[in-house]
Amino acid sequence: MSLDSKVPEGPLTEKWSKHLQDIKLVAPNNKRKYEVIVVGTGLAGGAAAASFAEMGYNVRSFCIQDSARRAHSIAAQGGINAAKNYPNDGDSIWRLFYDTIKGGDYRSREANVYRLAQVSNEIIDQAVAQGVPFAREYGGQLANRSFGGAQVSRTFYAKGQTGQQLLLGAYQAMMRQVHKGNIKYHPRHEMLELVVIDGQAKGIITRDLVSGELKRWEADAVVLATGGYGNVFYLSTNAKNSNVTAAWRAHKKGAYFANPCYVQVHPTCIPVSGDYQSKLTLMSESLRNDGRVWVPKKKGDKRHPNDIPDEERYYYLEERYPSFGNLVPRDVASRNAKNVCDDGYGVGETGLAVYLDFRDAIKRDGKEAVEARYGNLFEMYENIAGDNPYKQPMRIYPAVHYTMGGLWVDYNLMSNIPGLFVAGEANFSDHGANRLGASALMQGLSDGYFVLPYTIGNYLADQAPGKRYGTDHGAFVEAENEAQGQIDKLLNVNGDRTIIDFHRSLGKIVWDKIGIARNEEDLKSAIEEIRELREEFWQNVKVPGDKNNYNKYLEFAGRVADFFELAELMAEDALNRDESAGCHLREEHQTEEGEALRNDEDYSFVAAWEYGGVNGKLEETLHKENLEFEFVELKQRSYK
C-alpha cells in the first residue's frame, strides 16, 4: 500500500505558502468549541500547546514529569540552526535545505525539509522576542557557530544551554495560557492508550503517576510530542524517563511506525566507565568547532596524550575528509571513531575512546575565549571524567542520542489516523537517515510554533464543533480496560529478575546487533534473542509495589515492555532495508572507503509499519511512501 503524503503541487519554494493560502480555517468564535490534547511539554509540545491556546482553542497538556520544564529538550546543548546568513558566508534557505537532505542521505521528504528551512528564521525571531539569551557579537548581532555537515556558520546558541533557554521560552508562553485558563495542565500523567472512535483519534487514557488512577480524556484532536525511543538501548544520552510508550500504544491502535531502524549515534559522548551506569553524557557537537579529534598512530600507545608529538598523532577526520574535517556529520564521525578503536588505536582503559583536543584552539584564541564558548561543558566533563580539558584532551566515544524514526505523518503532520498529529522527535518527518546537529531544536519549534497551528485547523474545520461522544463511550471503556489489563499483568508475574536487569540485557542486544553497524546474520540473531528475552520477561519479571499509588517500578516495567516490542520491529526494519543509508550501515553495502552505499532503485522509500501483533508476519504490514526528488539530484554523499 502506498501512502499519501499530501504534499501540495507546485514549485518547492512555493508549496508551503500556497498551502497556507488554501488551508481551511476555523472562525475565532468556533475555536473555543474545540478541545485539543497535547501530550508532551518539550519544545514541540510546549510550543504547540501555547500556540493553540493563544489562537483560542481549549487545550489540555500532559507530561510525565513533575514540571513541564523537565522535558528532555532541556538537555540539548549546542544550538539551533537557521538560515539568516549573519556571518555573510554564503548561507541561504536553499543551502540549509540541501545540507539537511544530504545529511539525511536522501531518505527524507523534500517538501517537509524545505519548509523546515523556510520557517527556521522565524524561530529565531520568536525566541529573541521571548527573551532567549542567544550569544551575541561585539556589535550586538546574534552570534553563530558551525556544526557538522555544513560549511557555513548557521547555528545560534546560548553557551552550552541552548535547549534549556529555548525550553524556558516555550514554557513561559505555555504557562501564560495556563494562568489565563486556556490550558488545563496535567503533570505526572502518563498516556497509556489512544482512543479511536469511528476511525478518528478522540482522546487518551492516562495514569496519574502519584495516585495510580486511570483517567479518560476526550478531545477533538490529539497531538503527540513525546520525544524519541533511544532508551531502548538502555545506555543512551536520553534522560531515564524518556520512553516510547505513548507513540507505541498509538502504533498498536493503528498508527504506522516509520523507519524505526534510523537511530543516530552521537560521536561526542563521555565513554562508558562501568556496569553501574544507567545513562551516558553527551558532550555537545559544538565542541568539534575547536576540538581536534585524534588517536595515536601507534596501537596501544599508553603515553599521556600531552607527551605524544604531532607527527605521532592520527587526525583521522581531517585526513579522510579535508573539506569538512572535524565537522563531518554525526554518522560519519561515529563510524570512523568505532573503526579506529576496532583497529586497536583507541585510548583509555577500555580502548573505546578517542581524543578531542583543544590545545591548538587555546594556543590560537586564548583560554578565556575558549572558556566563553564552552565553559559549562568543560566543567561538566571535568566533574564526570575527573580530567581538566583545558590541560589535556577529552576522551569521547559514540553513544545513542536521537531517533530519526517515529510515527508516520503526512505534510500536515497528521498520522494515518485522522485527528492524531505527531510533532518533534516523535515523528519521522524531517531528518531522513541521519540528523544534522542543531536541527532537533529547529524541528521541534518549527512543528509547534509554525506548522501545527495552521494544519490542525485544516482538520478541525471539517469536524462538527462541540460534538462529543462522552468518556463513557465503549471505545473509552475498552481502552481503559486494555491499560488496566497491562498493569495487572505486569504486577501478577511476580518473578525473580529485576526490570533493570531485563532492560540492560535488551540494550546490550540492541547495541551490539542494531547499533553503529548491522549485518544480516546479527539482525536475524537479534530478532530471536529479543523474542526469547521478551518471553522470559513476561514469565519472570519482578515488579514490586501496587497499582494504586506512586510506583516507579510499575512505570518503568510498562515502558520496558514496549521497548521489547519496538526492538523487534527495529531489527526487522533494519533487516528489510538491504542497503546502507546515513546512520543505517549494513556492512554488506559499503564503498571501498567504508562509506554508506545506498540503493536508490529499491529503497528510496519511507518504511511505514502497521502493527501486526507480537511475532507477527511483518512483511504483510509494510506500507511504503515512495520518495521522489524533483529538486535535488540523488548522488553518493561525500564530505571529502
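Worth saying up front: this structure is predicted, and the values here are computed from it rather than measured.

## So, the environment of S286
Piece 1. With respect to the secondary-structure elements, S286 resides in the loop between β11 (263-269) and β12 (292-296).
Piece 2. On the accessibility criterion, S286 (0% relative accessible area) is buried.
Piece 3. Along the chain, S286 and Y98 lie 188 residues apart, while their C-alpha atoms are 21 Å from each other.
Piece 4. The contacts of S286, once residues within four sequence positions are left out, are G78, R145, F147, Y374 and L377.

## Description of unusual backbone geometry
Piece 1. We note that R188 has phi near 55°; this positive angle belongs to a residue other than glycine.
Piece 2. The exposure class assigned to R188 is partly exposed, which follows from its relative accessible area of 34%.
Piece 3. With a phi angle near 55°, N494 is a residue other than glycine that sits in the positive phi range.
Piece 4. Summarising the element assignment, N494 is placed in the loop between α13 (474-493) and β18 (497-498).

## A word on the packing of α13 against helix α15 (residues 520-540)
Piece 1. At their nearest, the axes of α13 and α15 sit 6 Å apart, and the two run at 80° to each other. Viewed along their axes, α13 and α15 adopt a mutual orientation that is roughly perpendicular. Within the contact between the two elements, α13 uses Q486, K489, L490 and V493 and α15 uses F537, W538, Q539 and N540.
Piece 2. Split by residue class, the contact of α13 with α15 holds four nonpolar, three polar and one charged.

## Side note on the domain arrangement of the protein chain
Piece 1. When the domains of the protein chain are assigned, the result is domain 1 (265-401) and domain 2 (474-626).
Piece 2. Summarising the inter-unit geometry, the C-alpha centres of domain 1 and domain 2 are found 31 Å apart.
Piece 3. Counting residues at the interface gives 10 residues for domain 1 and 10 residues for domain 2.
Piece 4. Across the interface of domain 1 and domain 2, roughly 860 Å² is buried in total on both sides, 57% from carbon and sulfur atoms.
Piece 5. Our count for the contact surface shared by domain 1 and domain 2 stands at one salt bridge.
Piece 6. Between E595 and R320 there is a salt bridge, and its shortest N-O distance comes to 3.6 Å.
Piece 7. If you look at where domain 1 meets domain 2, you find three residue pairs in polar contact (both at pLDDT 80 or more).
Piece 8. Going through the elements one at a time, α9 (330-342) and β15 (394-403) are the ones with two or more residues in the side of domain 1 that touches domain 2.
Piece 9. A per-element tally of the side of domain 1 that touches domain 2 places α9 first, with four residues.
Piece 10. Each residue belonging to the side of domain 1 that touches domain 2 can be placed in one class, and the counts come to four nonpolar, one polar and five charged.

## Here's the deal with the nonpolar core
Piece 1. Residues F52 and I80 are the most contacted members of the largest nonpolar core, which totals 158 residues.
Piece 2. The element best represented in this core is helix α16 (residues 552-576), accounting for 12 residues.
Piece 3. What F52 contacts, discounting residues up to four positions off in sequence, is V36, V38, Y57, V59, V223, L452, P453 and I456.
Piece 4. Counting residues in each nonpolar core, the second largest holds 29 residues, with Y321, A333, Y374 and L377 among its members.

## As for the side chain of T455
Piece 1. Inspection of the secondary structure assignment puts T455 in helix α12 (residues 440-460).
Piece 2. Separated by 2.9 Å, the side chain of T455 and the backbone oxygen of N412 make a polar contact.
Piece 3. Ignoring anything within four residues of it in the chain, the contact list for T455 reads W16, I23, N412 and F421.

## Some points on the sheet that holds strand β14 (residues 354-357)
Piece 1. On the basis of which strands lie adjacent, the open sheet formed by five strands has the order β11-β15-β14-β12-β13 and antiparallel pairing. Strands at the two margins of the open sheet, each flanked by one partner only, are β11 and β13 (313-314).
Piece 2. Strand direction decides the pairing type here: β14 and β15, joined by three bridges, are antiparallel. Each bridged residue has a counterpart across the sheet, and for Y355 the counterpart in β15 is R395.

## Some remarks on α13
Piece 1. Taking 1.5 Å of rise per residue, 20 residues should cover 28 Å, and α13 covers 29 Å from first to last C-alpha, within 8% of that figure.
Piece 2. Residues of α13 that are buried: A475, F476, A479, E480, A483, Q486, I487, L490, L491 and V493.
Piece 3. A positive backbone phi angle near 55° is found at N494, which sits one or two residues after α13.

## Details of the packing of α13 against α16
Piece 1. At a closest axis distance of 10 Å, the pairing of α13 and α16 adopts a crossing angle of 105°. With respect to α16, the axis of α13 lies roughly perpendicular. Residues Q486, I487, L490 and L491 of α13 touch α16, and the partners they reach there are L554, A557, G558, A561 and D562.
Piece 2. Class assignment of the residues belonging to the contact of α13 with α16 gives a composition of six nonpolar, two polar and one charged.

## Re the packing of aromatic side chains
Piece 1. In this structure the tally under the stated criterion is 28 aromatic pairs.
Piece 2. Judged by centre distance (5.2 Å) and plane angle (50°), the rings of F537 and F564 are tilted. Of this pair, F537 sits in helix α15 while F564 is found in helix α16, placing the two residues 27 residues apart along the sequence.
Piece 3. A relative accessible area of 0% means that F537 is categorised as buried.
Piece 4. Residue classification places F564 among the buried residues on the basis of a relative accessible area of 0%.

## Focus on the environment of F502
Piece 1. The residue F502 is located in helix α14 (residues 499-514) in this model.
Piece 2. What makes F502 buried here is its relative accessible area of 0%.
Piece 3. For F502 and G163, which are 339 residues apart along the polypeptide, the C-alpha to C-alpha distance reads 32 Å.
Piece 4. F502 has contacts with R497, L533, E536, F537, N540, V541 and F564, leaving out every residue within four places of it along the chain.

## A closer look at the pattern of salt bridges
Piece 1. Under the criterion given, the structure shown has 57 salt bridges.
Piece 2. Taken together, the shared-partner salt bridges connect D105, R107, D331, R335, R577, E579, R598, D600 and R637 into one network.

## Quick notes on the environment of D546
Piece 1. If you trace the backbone, D546 turns up in the loop between β20 (541-542) and α16.
Piece 2. For the pair D546 and R109, spaced 437 residues apart in sequence, the C-alpha to C-alpha distance is 46 Å.
Piece 3. Residue contacts for D546: discarding those within four places in its chain leaves L491, N551 and L554.

## What about the pairing of β12?
Piece 1. Burial analysis of β12 places four of its five residues in the buried class, the great majority of the element.
Piece 2. When β12 meets β14, the two strands line up antiparallel, connected through three bridges. When the sheet's bridge partners are listed, W294 is paired in β14 with Y355.
Piece 3. In the sheet, β12 pairs with β13 via two bridges, with the strands oriented antiparallel. If you follow P296 over to β13, its bridge partner there is R313.

Definitions and cut-offs
- Residues numbered from 1 in each chain as written.
- Predicted model: local features only at pLDDT ≥ 70, side-chain atom pairs only at ≥ 80, totals over all residues.
- Heavy atoms only, no water.
- Helix = DSSP H or I, 4+ residues; strand = E, 2+ residues; numbered from the N terminus.
- Buried < 20%, exposed > 50% of the residue type's maximum accessible area, 1.4 Å probe, protein only.
- Contact = heavy atoms within 4.5 Å.
- Axes fitted to C-alpha atoms, helices over the stretch in contact; angles between N-to-C directions.
- Parallel < 35°, antiparallel > 145°, perpendicular 65-115°, else oblique.
- Nonpolar A, V, L, I, M, F, W, Y, C, P; charged D, E, K, R; others polar.
- Domains from an automatic or database assignment.
- Buried area = accessible area lost by both parts, 1.4 Å probe.
- Salt bridge = Lys/Arg side-chain N within 4 Å of Asp/Glu carboxyl O.
- Polar contact = N/O pair within 3.5 Å; in protein donor to acceptor, adjacent residues only side chain to side chain.
- Core = buried A, V, L, I, M, F, W, Y, C linked by side-chain atoms within 4.5 Å.
- Pairing = 2+ DSSP bridges.
- Expected span 1.5 Å × (residues − 1).
- Phe/Tyr/Trp six-rings, centres within 6.5 Å; stacked < 30°, edge-to-face > 60°.

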